[in-house]
Every structure is written in structure tokens, then in C-alpha cells.
Amino acid sequence: MAAKQLQSIRGIHDGLPSEVRLWQRVEQAARNTFARYAFSEVRLPVLEPTELFVRSIGEATDIVSKEMYAFTDQGNDSICLRPEGTAGSVRAYLQGGLTRAGVQRWFYIGPMFRRERPQKGRLRQFQQIGVEMFGAHGPLEDAEVLAMAHGFLSELGIAGLHLEINSLGCAACRPAYRDALVAYLNQRTESLCGTCNDRLDKNPMRILDCKNANCQSELSGAPEMVDSLCDDCETHFSGLKAGLSALDVPYRINARIVRGLDYYNRTAFEIVTDQLGSQGTVLAGGRYDGLVSELGGPPTSAIGFAAGLERLGMLLADQADPEEAVSLVDIAMVALGESTLIYSMQQAAKLRAAGFRVVHGGGGSAKRQFKVADREGARFVVVIGEDEMQSGRLTLKTMASGEQQQLDMEELIQLIHQAS
RNA sequence: GUGGAUGUAGCUCAAUGGUAGAGCCCCGGCUUGUGAUGCCGGUGGUUGAGGGUUCGAGUCCCUUCAUCCACCCCA
């Protein structure tokens with residue numbers, strides 16, 4: 001490493017070809033699945049006014065209070081790199097005048113930014129695949145959104161994923177539950193860890209998902225939100241469970257699921273894995289019926305989720321069959337002798353026009369060009385030397401078998417098409 | 001933000017304070033028209049960076065940067 005070697009910013013990584021290929025598989029599964037549920041892609045700004053997140057996520061959250069990349073620009077405006085996608089989606093929904101356009105079903109794929117201490121699966125710039133649905137309030141919509149999330153990950157074929165659901169209640173029933181929880185925990189403060197004692201004042205619900213074993217054992221007899229739901233929330237939650245069962249989506253109830261962000265109510269869910277250490281949440285979301293009006297719009301129900309693209313990519317890489325190396329090249333051109341270079345390039349162009357993926361070996365020794373062909377994973381090599389140029393025919397070598405034959409361009413295209 | 005581990009060739013890793021190495025990769029050769037196995041040869045390092053101790057530092061000390069782990073947070 002040279003002393004002046006430039007490197008990327010801490011926690012901000014490059015997506016090199018092998019990783020991007022994984023991401024694209026994830027994205028493809030998302031696009032396929034979401035399209036079947038009639039969701040449309042939106043592309044929203046990476047830069048937003050800082051105030052948007054202060055008002056939506058909540059000033060007290062870590063994300064807003066210490067993790068945002070916020071700064072004032074040359075015009076003295078306070079702007080920031082988006083730390084998540086929901087707030088911007090709501091902003092765009094309102095700004096686009098879509099509140100009377102019927103149910104909106106959106107998804108997006110893009111980078112988010114949080115200045116956290118980096119870890120594997122936790123980057124400062126990371127990518128999320130997110131989904132937001134506006135204007136649908138019923139439990140059946142919740143069930144369909146969860147089924148869509150489940151279908152998306154099922155299509156990727158990642159093993160060991162579990163859907164966990166909970167209800168966070170609403171403004172009518174949560175305050176009473178929160179008080180009951182605090183009352184319960186106040187009798188056990190000496191057994192709780194330091195951070196949980198802090199949380200007791202600031203955000204008692206957060207104690208529910210503390211990782212400390214002592215705290216968890218203290219919680220075994222704690223009141224649970226799902227037992228304290230008001231009638232409306234209870235009806236909603238049972239409707240969700242019935243919907244999931246009807247759609248054969250496996251789930252389990254986890255009363256310890258809470259949300260870090262203030263705007264969630266009722267349905268909360270996560271899809272988790274035990275393969276990624278402490279960053280095991282691969283997809284998470286929930287209902288946020290209060291946010292649209294919070295940001296100045298009419299009362300509008302909404303539900304959404306976000307999945308971490310890098311985390312899913314890692315899971316895909318872990319289970320990848322090393323034998324299953326995907327070939328990215330159909331044909332490698334081998335040009336023998338200076339005089340054949342131009343001609344071979346023209347033949348390569350014809351093969352590309354026929355739809356094949358072609359690399360040109362670049363001339364030089366036959367040995368070198370065949371090595372290149374092999375390394376690129378080409379299934380076929382087209383050899384062009386003086387002889388071929390004279391006769392107008394091509395030598396085709398099938399790399400797997402080593403067989404070689406002389407063909408004209410038409411026959412060759414035919415043959416490779418058949419072999420595909 | 002707190003605590004801890006680790007940084008040596010492109011990659012994976014060696015090297016009691018005493019001449020920086022191996023495997024893989026890459027490049028070339030084994031009658032310049034034939035790859036994946038074999039044989040031979042070669043390129044490639046200010047040991048992450050910067051200081052210090054020492055006759056001498058990859059090795060000990062300090063600083064700094066990055067990665068990883070746990071906490072925290074969260075996708």
C-alpha cells in the first residue's frame with residue numbers, strides 16, 4: 001500500500017462486479033414480485049431538507065440526533081443525505097398531489113446514509129429496497145404486503161428466514177400499555193442493564209428488544225402489547241393473522257418487536273436470519289397511519305417495509321454453489337496474426353448483432369487468447385486466421401468438449417443458438 | 001459513541017528484535033494455429049500510514065487510518 005493511496009470514506013464501500021451481480025439478483029426478485037402486486041417504482045431524491053426527517057422520524061431518535069449527514073449548503077439551506085426512504089416517499093406523495101389519486105403502491109431501490117460505527121452488514125452508505133403503500137387501511141392489505149415481502153425473499157431461495165409480527169397498538173391503546181410496562185419495569189430497575197434504565201425514561205418500549213440476557217429474563221412476565229390492544233387494533237391484528245394463514249405465509253408472533261422510528265403503529269414486522277450476527281434483520285416494516293398527516297397531509301393510512309440489499313447479497317453469497325459459476329460470455333474471438341484483427345472484429349460485431357455475448361481476445365499468441373477465453377468462461381471460441389479469412393468460413397471450438405469444426409457464419413449462429 | 005481483535009505481494013497466510021517468504025493469481029516459455037492438468041522461468045512489498053525505543057523493528061512503545069466482533073443503533 002502506497003502512503004498516498006486514496007481510499008473510500010469509512011463505512012462507504014464499492015460495489016464491484018461480483019457483489020453487484022448478487023445485488024442484481026436481489027433486485028430482479030424484488031421487481032418480479034412487486035410487479036405481480038402492481039407496485040410501481042419511484043425514484044426519489046437522495047438529498048432532502050433536514051427538517052423532513054426531524055419531523056417524521058423524530059428528533060429524539062439516534063438516526064436524527066447523531067447519525068444524519070446533515071449540513072448547510074452554499075445557499076444556507078439545511079439539507080441532508082436521506083437516512084431512510086419512508087419520509088421522502090410521504091413528502092413526494094403529498095408534493096405530487098396524489099392524495100386523491102387512489103391507493104398508491106410504490107417501491108424504490110437506492111442508497112441511504114447513516115453515520116454509524118461500521119460493521120459487516122452495517123454501512124454508512126447502504127442500499128435499501130423499500131415499499132410504501134398509501135391509502136389502504138385494512139388488515140387484508142397488511143397481509144398482502146407481508147405476503148409480498150415473503151414472496152420476494154422466497155424467490156431468492158435464502159434458507160433460514162423467519163417472519164415475525166407484532167402489533168404496536170395505536171394512540172388509543174399504546175399509552176396505557178406503555179404505562180403498564182413502565183410500572184412493571186420500575187419494580188425491577190436494579191436487574192436491568194444501564195442502557196435499559198436510561199430507556200425507561202426516554203423510550204420504554206425499546207427495552208423489549210434489549211439484547212441483554214438479564215433484561216430479557218426480567219421481561220418474561222411483562223405485559224405484552226398484543227394483550228392490551230383496543231378493540232379496533234385487536235380486530236386489525238386478528239384480520240392480519242387470518243390473512244397470513246389464508247395465504248399460507250408462515251409467521252410467528254414476537255411481542256418483543258418494536259420500532260426505532262416514531263411513526264409506526266399497529267402492524268410491525270421483521271424478517272430475520274441468524275446468519276448475520278447482530279445485524280440479522282434483513283427486512284423490516286410496519287404500518288404508519290399517522291405520518292402523512294404529521295407532514296401536513298390529510299389523514300392517510302400507510303404501510304411499508306424496507307430490506308437491506310447488502311445483507312441479502314451476503315446471504316446469497318453464503319449459500320451460493322461455487323460450482324454454479326454463471327457464464328457471462330458466449331463466445332471468445334481468437335484472432336491469429338495481425339492481418340486478421342480487423343476482420344475478426346467485424347465477425348465479432350456480427351455475432352453480437354445476433355445476440356451473443358462476445359469478447360475479443362485482442363490478438364497475440366493463440367495460447368494467450370485461449371487462456372483468456374477460458375478465464376472469461378466462454379462456452380465457444382471462434383478462431384480466425386489467414387485460412388478462415390481466405391475461405392470466409394469460421395473455426396468454432398466448443399470449449400467443454402474440445403471439438404472443432406468449420407462453418408460459415410449462418411451455420412455457426414444457428415448452432416450456437418441451438419446449444420443455448 | 002463505548003469496549004475488544006486484526007492490518008505483511010492482487011488474494012490467503014508464514015517469518016525467537018538480526019538478509020521479508022510460500023501457495024494461489026498474473027505474465028512468459030515448453031517447435032509463435034489451441035484453454036482448463038503438468039514442467040520451467042518471471043513481475044510484484046518503503047510489512048496500512050506517521051513518529052519513537054534500539055547497533056538493528058514486520059516484531060516493542062505512541063499516534064493515526066481502515067476492517068472485523070460485541071454493545072449501541074438498525075435494513
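Above this note sits the structure.
Residues numbered from 1 in each chain as written. Chains lettered and ligands numbered in written order. Predicted model: local features only at pLDDT ≥ 70, side-chain atom pairs only at ≥ 80, totals over all residues. Heavy atoms only, no water.

Enquirer: Before we move on, can you summarise the protein's contact with RNA strand B with the specific residues and values?
Expert: Taken together, 54 residues sit near RNA strand B, with K120, R199, R206, M399 and Q404 positioned nearest. Sugar and phosphate atoms represent 60% of those atoms of RNA strand B found within 4 Å of the protein. Separating a sugar or linking oxygen of RNA strand B from a side-chain N or O atom of R114 is a distance of 2.9 Å. In this structure, a sugar or linking oxygen belonging to RNA strand B sits 3.1 Å away from a main-chain N or O atom of V282. If you list the elements that add at least two residues to the surface near RNA strand B, you get α3 (62–67), β6 (125–134), β10 (281–287), β11 (302–308), α13 (366–376), α14 (386–391) and β15 (394–398). Here the residues of the surface near RNA strand B are counted per class, giving 17 nonpolar, 16 polar and 21 charged. (Near = heavy atom within 4 Å. Polar contact = N/O pair within 3.5 Å; in protein donor to acceptor, adjacent residues only side chain to side chain. Helix = DSSP H or I, 4+ residues; strand = E, 2+ residues; numbered from the N terminus. Nonpolar A, V, L, I, M, F, W, Y, C, P; charged D, E, K, R; others polar.)

Enquirer: Tell me about a negative patch on the surface, and please be specific about residues and values.
Expert: Side chains of D227, D231, D232 and E234 sit close together on the surface and give a patch of like negative charge. Position of E234 relative to the elements: it lies in helix α9 (residues 231–246). We classify E234 as partly exposed; its relative accessible area is 32%. (Patch = residues over 30% accessible without salt bridge, like charges linked within 9 Å, V, L, I, M, F, W, Y side chains within 5 Å. Areas by Shrake-Rupley, 256 points an atom, 1.4 Å probe, with all protein chains shown as cover. Salt bridge = Lys/Arg side-chain N within 4 Å of Asp/Glu carboxyl O. Lys, Arg positive; Asp, Glu negative; His and termini not counted. Charge placed at Lys NZ, Arg CZ, Asp CG, Glu CD. Buried < 20%, exposed > 50% of the residue type's maximum accessible area, 1.4 Å probe, protein only.)

Enquirer: So, the packing of aromatic side chains: which residues are in play, and what are the values?
Expert: What describes a pair of aromatic rings is the distance from one ring centre to the other and the angle between the planes of the rings. Tallied over the entire structure, the rule returns nine aromatic pairs. Seen from their ring centres, F134 and Y288 are 6.4 Å apart, and the 85° between their planes marks the pair as edge-to-face. On the criterion of sequence distance, the pair formed by F134 in strand β6 and Y288 in the loop between β10 and α10 (291–294) is long-range, its members being 154 residues apart. Through successive ring pairs, a cluster of aromatic residues spans F34, F107, F152, F269 and F305. A cation over a ring is seen here: R188 above Y184, with NZ or CZ 3.7 Å from the ring centre. Seen from the ring of Y264, R259 lies directly overhead, with NZ or CZ sitting 5.7 Å from the centre. (Phe/Tyr/Trp six-rings, centres within 6.5 Å; stacked < 30°, edge-to-face > 60°. Lys NZ or Arg CZ within 6 Å of the ring centre and 35° of its normal.)

Enquirer: With reference to specific residues and values, describe the pairing of β10.
Expert: By the criterion of burial, β10 is predominantly enclosed, with six of the seven residues buried. Two strands pair when backbone bridges link them, and strand β9 (residues 265–272) and β10 are joined in this way by six bridges, in the antiparallel orientation. Paired with F269 across the bridge in β10 is G285. As paired elements, β10 and β11 share five bridges and run antiparallel to each other. Paired with A284 across the bridge in β11 is A306. (Pairing = 2+ DSSP bridges.)

Enquirer: Which residues make up the sheet that holds strand β4 (residues 78–81), and what values do they have?
Expert: With antiparallel pairing, the three strands of this open sheet are ordered in space as β2-β4-β3. Among the strands making up the open sheet, the edge pair consists of β2 (47–49) and β3 (70–72). On average, adjacent strands in this sheet sit at an angle of 35° to one another, irrespective of strand direction. (Axes fitted to C-alpha atoms, helices over the stretch in contact; angles between N-to-C directions.)

Enquirer: Can you tell me about the pattern of salt bridges, naming the residues and giving the values?
Expert: Evaluated as defined, the whole model comprises 15 salt bridges. A salt bridge links R252 to E164, with the shortest nitrogen-to-oxygen separation between them at 3.0 Å. With R252 in strand β8 (residues 252–253) and E164 in strand β7 (residues 162–167), the pair connects residues that are 88 residues apart, well separated along the chain. As a salt-bridge pair, E224 and R256 come within 3.8 Å of each other at their nearest N and O atoms. Here the residue E224 occupies a position in the loop between α8 (213–218) and α9, and R256 occupies one in the loop between β8 and β9, the gap between them amounting to 32 residues. R256 sits in the buried class, given a relative accessible area of 19%. Here the salt bridges share partners, and the residues they tie into one network are R31, E41 and R43.

Enquirer: Would you mind going over the nonpolar core in detail, with residue names and values included?
Expert: Judged by nonpolar contacts, the single largest core of 64 residues is most densely connected at F34, F152, L283, F305 and L312. At nine residues, helix α5 (residues 139–156) tops the list of elements feeding residues into this core. Discounting residues that sit within four places of it in the chain, F305 has contacts with F34, I129, G130, V131, V145, M148, A149, F269, L283, A284 and G285. In terms of nonpolar packing, the next biggest core, distinct from the first, is built from 29 residues, L52, M112, I257 and Y264 among them. (Core = buried A, V, L, I, M, F, W, Y, C linked by side-chain atoms within 4.5 Å. Contact = heavy atoms within 4.5 Å.)

Enquirer: Can you break down a positive patch on the surface residue by residue, with the values?
Expert: Residues K367, R368, K371 and R375 make up a contiguous surface patch of positive charge. Under the relative-accessibility criterion, R375 is labelled exposed at 68%.

Enquirer: Can you tell me about the sheet that holds strand β5 (residues 104–113), naming the residues and giving the values?
Expert: What the eight strands build is an open sheet, ordered β1-β5-β6-β11-β10-β9-β7-β8; its pairing is mixed. Strands with a single pairing partner mark the edges of an open sheet, and in this sheet they are β1 (40–41) and β8. Across the sheet, α5 lies against β6, β7, β9, β10 and β11, angled at about 15° from β11, the strand it touches most.

Enquirer: Tell me what's going on with the side chain of E218, and back it up with residues and numbers.
Expert: On the secondary structure map, E218 appears in helix α8. Not counting the four nearest positions on each side in its chain, E218 is found in contact with Y184, R188, S191 and L192.

Enquirer: Which residues make up the packing of helix α1 (residues 17–36) against helix α11 (residues 309–319), and what are the values?
Expert: Packed helix pairs are characterised by how far apart their axes lie and by the angle those axes make with each other. It is the contact of α1 with α11, at a shortest axis distance of 9 Å, that shows an interaxial angle of 110°. Between α1 and α11, the angle is such that the two are roughly perpendicular. Together, L22, W23, R25, V26 and E27 of α1 and L309, E310, L312, G313, L316 and A317 of α11 make up the contact between the two elements. Among the residues forming the contact of α1 with α11, the class breakdown is seven nonpolar, one polar and three charged. (Parallel < 35°, antiparallel > 145°, perpendicular 65-115°, else oblique.)

Enquirer: Lay out helix α15 (residues 409–419) with the relevant residues and their values.
Expert: M409, L412, I413 and I416 are the residues of α15 that are buried. Take α15 and look down its axis: the buried residues cluster within an arc of 100°, on one side only. Residues of α15 that are exposed and point over 90 degrees away from its buried face: E410 and Q418. Lining the buried residues of α15 we find β12 (331–335), α12 (341–353), β14 (380–384), β15 and β16 (404–407). Its side-chain oxygen at 3.2 Å from the backbone nitrogen of E410, D408 defines the N-terminal cap of α15. (Arc of directions from axis to C-beta.)

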